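# Architecture at a glance
Here is how the chains run, residue by residue.
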Amino acid sequence: MRHLMSPLDLSVEELDRLLDLAGDIEKNPDKYAHACDRKKLATAFYEPSTRTRLSFEAAMINLGGSVIGFPSDDVSSAAKGESVADTIRVLSCYADICAMRHPKEGAPMVAASRSKIPVINAGDGGHQHPTQTLTDLLTIKSLKGRLDNLKIGLCGDLKFGRTVHSLINALIRYPGIEFVMISPEELRLPSYMREILDAAGVKYVETERMEDSLGTLDILYMTRVQRERFFNEEDYVRMKDFYILDNEKMAMASEEMLVMHPLPRVNEIAVEVDDDPRAVYFQQAQYGVYVRMALILTLLEIEV
Ligand code: CP
């Protein structure tokens, strides 16, 4: 039985197979419509979510399965003090696979160690968000045609942004990847992530200014400042509007540069940018359904 805690749980070959499967699902949805008949997905979400939870639900329903679960800890027995370890043992009796989001780093891993069904990390604190990474990789592969030889700007909250940490882990395994880390000093990429980049020999620069690199990027990956991870509101308010991508800044970028964002967006991308054909963040959310369908099939070892 396999779980997914980090993108590194999948080899590059497995990742490529999974993305190919997601591509086939996009083109031939009817072929997969009964692949998970009588299977159940449990969504155990201890933290708010729109995309991850609902795209997992849509994915399982598209595969012919059904969904049970809870959308927040206050409507589950976690509110009465039940541990994650006990909860997953119970969910193992009710469902075939579980997607879990938790504010504490490592909580889905604790669940996986006690589970009788595959557990998918749907985001754990500021640590990892592997299914967002699968979504991002499918978006890049589908729209750019490759996952190698790309210059990617990661902009915003690189300290707490788990989507960024997972994406870096996944992309450094492909050749010719280069990063521009755009963040205020206080929201700089954590040292353990910089060590990973250094150990892999990946080229990257760190800067506070978005404008300087815009013209050179293949992809600009914007992120929200993670309010829920700040210790005080004052620091959040000071940081929250540090970067705002608008049409004036988009004019500095190449015609081929894609703007991605895991969403939710707050102020970091002006609404006027949504009409720019290079803004692909809503398309990205759609790719999340195909790739989660492919992941469910892979972890349940269902071949169609
Ligand atoms: N991208 C993402 O994880 O969005 P949600 O928090 O809405 O699931």
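Note that the structure is predicted; figures quoted are calculated from it, not measured. (Residues numbered from 1 in each chain as written. Predicted model: local features only at pLDDT ≥ 70, side-chain atom pairs only at ≥ 80, totals over all residues. Heavy atoms only, no water.)

## Quick word on the packing of helix 6 (residues 162-171) against helix 7 (residues 191-200)
Between helix 6 and helix 7, the least distance of the axes is 10 Å, while the angle of their chain directions is 15°. When the axes of helix 6 and helix 7 are compared, the pair comes out roughly parallel. The handedness of the crossing between helix 6 and helix 7 comes out as left-handed. Of the residues in helix 7, those touching helix 6 at His-165, Ile-168 and Asn-169 are Tyr-192, Met-193, Ile-196 and Leu-197. Taken together, the residues that form the contact of helix 6 with helix 7 break down as 5 nonpolar, 2 polar and no charged. (Axes fitted to C-alpha atoms, helices over the stretch in contact; angles between N-to-C directions. Helix = DSSP H or I, 4+ residues; strand = E, 2+ residues; numbered from the N terminus. Parallel < 35°, antiparallel > 145°, perpendicular 65-115°, else oblique. Left-handed = near helix turned anticlockwise from the far one by under 90°. Contact = heavy atoms within 4.5 Å. Nonpolar A, V, L, I, M, F, W, Y, C, P; charged D, E, K, R; others polar.)

## Thoughts on the packing of aromatic side chains
Summed over all chains, the structure comprises 4 aromatic pairs. Ring centres of Tyr-281 and Phe-282 lie 5.3 Å apart, and the angle between their planes is 65°; on these two criteria the pair is classed as edge-to-face. For the ring pair Tyr-287 and Tyr-290, a centre distance of 6.3 Å and an interplane angle of 70° mean the geometry is edge-to-face. Separated by 3 residues within a single helix, Tyr-287 and Tyr-290 lie in helix 10 (residues 281-299), roughly one turn from each other. Judged on exposure class, the residue Tyr-287 and its partner Tyr-290 are both buried. The residue whose ring lies beneath Arg-292 is Phe-56, and the NZ or CZ to ring-centre distance is 5.2 Å. (Phe/Tyr/Trp six-rings, centres within 6.5 Å; stacked < 30°, edge-to-face > 60°. Buried < 20%, exposed > 50% of the residue type's maximum accessible area, 1.4 Å probe, protein only. Lys NZ or Arg CZ within 6 Å of the ring centre and 35° of its normal.)

## As for the state of the cysteines
Following the criterion strictly, the structure yields 0 disulfides and no others. Cys-98 supplies the cysteine sulfur nearest to Cys-36, a cysteine that is in no disulfide, at a spacing of 15 Å. Cys-98 carries a free sulfur, and the closest cysteine sulfur to it, the one in Cys-93, is 12 Å from it. (Disulfide = S-S within 2.5 Å.)

## Digging into the nonpolar core
In this structure, Leu-154, Ile-168 and Phe-179 are the most contacted members of the largest nonpolar core, which totals 60 residues. Counting residues per element, this core draws most heavily on helix 10, at 10 residues. A domain split of this core shows at least three residues from each of domain 1 (7-128 + 288-299) and domain 2 (131-284). Every residue in contact with Phe-179, bar those within four places of it in the chain, is listed here: Ile-152, Leu-154, Ile-168, Leu-171, Ile-172, Leu-197, Val-202, Lys-203, Tyr-204 and Val-205. (Core = buried A, V, L, I, M, F, W, Y, C linked by side-chain atoms within 4.5 Å. Domains from an automatic or database assignment.)

## Some words on the site of the ligand
Within the structure, the ligand sits among Ser-49, Thr-50, Arg-51, Thr-52, Arg-101, His-129, Gln-132, Pro-262 and Leu-263. One of the side-chain nitrogen or oxygen atoms of His-129 is found 2.8 Å away from an oxygen atom of the ligand. Leu-263 is positioned such that a nitrogen or oxygen atom in its backbone is 2.9 Å from a nitrogen atom of the ligand. Protein contact buries 91% of the 250 Å² of open area that the ligand shows by itself. Residue classes in the shell around the ligand are distributed as 2 nonpolar, 5 polar and 2 charged. Two domains each provide a minimum of three residues to the shell around the ligand, namely domain 1 (7-128 + 288-299) and domain 2 (131-284). (Near = heavy atom within 4 Å. Polar contact = N/O pair within 3.5 Å; in protein donor to acceptor, adjacent residues only side chain to side chain. Areas by Shrake-Rupley, 256 points an atom, 1.4 Å probe, with all protein chains shown as cover.)

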